[in-house]
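Tertiary structure, described
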Amino acid sequence: MAKQEDEVILLDFWASMFGMRVRIALAEKGIPYEYREEDLKNKSQLLLESNPVHKKIPVLIHNGKPVSESSIIVEYIDEVWKDKAPLFPSDPYAKAHARFWADFIDKKLYQIGRNLYTTKGEEHEAAREEFISCLKLIEGELGDKPYFGGESFGYLDVSLIPFYSWFQAYETYGNMIIEHECPKLIAWAKRCIQNKESVSKTLPDLEKILAFVQHLRKRFGIDE
Amino acid sequence: MAKQQDELILLDFWASMFGMRVRIALAEKGIPYEYREEDLKNKSHLLLESNPVHKKIPVLIHNGKPVSESCIIVEYIDEVWKDKAPLLPSEPYAKAHARFWTDFIDKKLYQPGRNLYTTKGEELEASRKDFISCLKLLEGELGDKPYFGGESFGYLDISLIPFYSWFQAYETYGNFITEHESPKLIAWAKRCIQNKDSVSNTLPDLEKVLALFNK
């Protein structure tokens with residue numbers, strides 16, 4: 001399935017935590033690929049053709065065949081390049097567990113995080129409380145393990161760590177200090193950055209993301 | 001992993017299309033289990049303990065260990081009982097494809113469908129258009145294949161077929177006829193019911209689901 005002359009193209013956007021998941025997975029497996037930055041205000045023909053249903057990044061194009069949706073792409077990568085750095089545990093129950101929490105992150109953390117920098121007043125306050133309680137639930141899931149995957153960095157670590165690059169933005173607009181609320185989660189994130197090159201080379205600077213969110217708020221006319 | 005004395009409990013609600021997915025998967029594999037009907041207005045202690053994060057059905061409890069979220073449960077079933085009636089294709093690209101369209105159903109079909117019987121006026125009209133265009137996209141994905149899985153009934157067929165039991169409800173409140181909009185999809189649904197015991201034994205009568213709204 002993985003041939004000598006694999007052509008792998010990733011259509012992505014530098015600040016996307018979903019794109020970062022794919023970049024980390026590819027780096028973990030040591031897979032060479034061509035990164036193509038998309039202008040989300042002017043999407044490429046290739047993107048629109050490769051993901052006509054959602055028209056969103058990331059899209060992985062493997063030997064001309066597109067795969068969309070970050071979790072699905074990461075699972076695909078793990079299955080195709082299965083002999084190197086497995087991201088999933090082999091036990092079905094542990095697998096289901098990892099998938100459940102990645103799904104929780106997608107359903108809950110992303111949207112609530114977005115509300116932190118796009119809403120005001122009561123809606124904002126509700127988002128702030130929900131965001132903190134989501135983080136605490138996730139921190140509870142980590143427990144005292146070095147990684148969500150246990151001794152090894154795995155699928156759930158890959159799913160969550162990109163959100164760390166957005167933490168400064170969440171803190172600034174959510175008016176919170178995540179380290180006060182979830183110190184173990186911050187320790188985990190720093191451990192990932194320190195021990196995994198795939199993470200330290202992929203995650204953008206937190207200040208860059210903050211500047212990006214400031215720019216987004218101006219564009220959407222949200223008052224400072 | 002699958003032992004002689006497996007204890008399987010499914011916490012479910014008869015009309016849930018998500019619960020139906022799990023029931024069909026278990027039936028496809030011929031796995032015996034204990035079905036427990038939940039009163040969604042008065043959830044059992046076991047449900048609240050087994051799925052404390054979402055407090056939703058379906059939950060599959062396998063030898064005391066709970067698995068939640070219908071797609072995750074179906075994949076779990078396929079992996080544990082892997083020697084019988086495989087549901088997902090083995091080829092990674094085909095697998096990714098089946099997962100993509102199931103994700104599409106969950107993200108795009110369910111909510112507009114729900115809006116058909118919970119909204120009015122402009123919102124209803126917008127949901128009606130959304131719902132029909134989703135059905136047509138899915139119909140395009142089916143193409144001329146007998147099943148979404150190709151020659152065999154598989155994961156994506158299981159993900160979608162429970163929605164068929166809600167079609168009479170959708171049509172009544174959404175004011176359209178699915179067969180006019182997506183005839184191939186109706187033909188596919190009837191084919192599943194005719195050829196697969198797991199489906200015909202699981203899907204409730206369309207009138208029973210419609211009657212849910214007449215209370």
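Please refer to the structure higher up on the page.
1. Some words on the overall build of chain A
Across its full length, chain A carries 11 helices and 4 strands. Over its C-alpha atoms chain A spans a radius of gyration of 18 Å, differing by no more than 12% from the 17 Å that the globule rule assigns to 224 residues. Each principal axis of the C-alpha distribution contributes one length, and for chain A these read about 55 × 45 × 30 Å. Contacts in chain A between residues at least 24 apart in sequence constitute 70% of all its contacts with a sequence separation of at least 6.

2. Let's talk about the sheet that holds strand β1 (residues 8-12) of chain B
All names here are of chain B. Read across the sheet, 4 strands follow the order β2-β1-β3-β4 without closing on themselves; strand pairing throughout is mixed. The open sheet has two edge strands with one neighbour each: β2 (34-37) and β4 (65-68). Adjacent strand axes in the sheet meet at a mean angle of 20° when their direction is disregarded. Strand contacts of helix α1 (residues 17-29): β1, β2 and β3 (59-62), with the helix running at about 155° to β1, the strand carrying the most contacts.

3. Observations concerning the packing of aromatic side chains
A complete count under the given rule lists 34 aromatic pairs over all chains for this structure. On the numbers, 5.5 Å between centres and 65° between planes, the contact of Tyr164(A) with Phe167(A) is edge-to-face. The two residues Tyr164(A) and Phe167(A) agree in class, both being buried. Ring geometry for Phe131(B) against Tyr170(B): centres 4.7 Å apart, planes inclined by 55°, an arrangement best described as tilted. Note that Phe131(B) is positioned in helix α5 (residues 121-142) and Tyr170(B) in helix α7 (residues 167-174), a separation of 39 residues in sequence. Phe131(B) gets classed as buried once you look at its relative accessible area, which sits at 0%. The exposure class of Tyr170(B) is buried, given its relative accessible area of 1%. Each member of the aromatic cluster is reached from another via a ring pair, and the members are Phe13(A), Trp14(A), Tyr117(A), Phe131(A), Tyr164(A), Trp166(A), Phe167(A), Tyr170(A) and Phe212(A). In this arrangement the basic side chain of Arg99(A) is found over the ring face of Phe88(A), its NZ or CZ atom lying 5.3 Å from the centre.

4. Quick word on the sheet that holds strand β4 (residues 65-68) of chain A
Residue and element names in this part refer to chain A. A sheet is described by the order of its strands in space; here 4 strands give the open sequence β2-β1-β3-β4, paired in mixed fashion. Since the sheet does not close on itself, it has two edges, and those belong to β2 (34-37) and β4, each with one partner. Neighbour-to-neighbour, the strand axes of the sheet open up by a mean angle of 20°, direction not taken into account. Where strand β3 (residues 59-62) and β4 come together, 4 bridges link them in antiparallel fashion. Opposite His62, over in β4, you have Lys65 as the bridge partner. Each of β1 (8-12), β2 and β3 touches helix α1 (residues 17-28); the most contacted strand, β1, lies at about 155° to it.

5. As for the interface of chain A and chain B
Taken residue by residue, the interface counts 27 residues in chain A and 26 residues in chain B. Buried area between chain A and chain B, summed over both chains or domains, comes out near 2,400 Å², and the portion from carbon and sulfur atoms is 71%. Between Lys95(B) and Glu79(A) there is a salt bridge, with its nearest N and O atoms 4.0 Å apart. For the side of chain A that touches chain B, the secondary structure elements donating two or more residues are β4, α3 (70-80) and α4 (92-118) of chain A. Top contributing element to the side of chain A that touches chain B by residue count: α4(A), with 11 residues.

6. Things to note about the pairing of β2(B)
Residue and element names in this part refer to chain B. Summarising the sheet, β1 and β2 pair through 4 bridges and their orientation is parallel. Counterpart to Leu11 in the pairing with β2 is Arg36. Once the chain exits β1 it traverses α1 before rejoining the sheet at β2, and the crossover so formed is right-handed.

7. Observations regarding the pattern of salt bridges
According to the stated counting rule, one finds 29 salt bridges over all chains in the structure shown. Across the pair Asp78(B) and Lys29(B) runs a salt bridge, and its minimum N-O distance is 2.7 Å. Note that Asp78(B) is positioned in helix α3 (residues 70-80) and Lys29(B) in helix α1, a separation of 49 residues in sequence. In this structure, Asp78(B) and Lys29(B) share a single accessibility class: buried. Bridged by salt links that share partners, the residues Glu75(A), Glu79(A), Arg99(A), Glu75(B), Glu79(B), Lys95(B) and Arg99(B) form one connected network.

8. Details of the environment of Phe100(A)
Mapped onto the secondary structure, Phe100(A) falls in helix α4. Measuring from C-alpha to C-alpha, the distance between Phe100(A) and Leu156(A) comes to 9.3 Å, with 56 residues separating the pair along the chain. Setting aside anything within four residues of it in sequence, one finds Phe100(A) in contact with Asn51(B), Val53(B), His54(B), Ser68(B), Glu69(B) and Ile72(B).

What counts, and at which threshold
- Residues numbered from 1 in each chain as written.
- Chains lettered and ligands numbered in written order.
- Predicted model: local features only at pLDDT ≥ 70, side-chain atom pairs only at ≥ 80, totals over all residues.
- Heavy atoms only, no water.
- Helix = DSSP H or I, 4+ residues; strand = E, 2+ residues; numbered from the N terminus.
- Rg over C-alpha atoms; globule rule 2.2 N^0.38 Å.
- Contact = heavy atoms within 4.5 Å.
- Pairing = 2+ DSSP bridges.
- Axes fitted to C-alpha atoms, helices over the stretch in contact; angles between N-to-C directions.
- Phe/Tyr/Trp six-rings, centres within 6.5 Å; stacked < 30°, edge-to-face > 60°.
- Buried < 20%, exposed > 50% of the residue type's maximum accessible area, 1.4 Å probe, protein only.
- Lys NZ or Arg CZ within 6 Å of the ring centre and 35° of its normal.
- Buried area = accessible area lost by both parts, 1.4 Å probe.
- Salt bridge = Lys/Arg side-chain N within 4 Å of Asp/Glu carboxyl O.
- Right-handed = clockwise from strand over helix to strand, strands pointing away.

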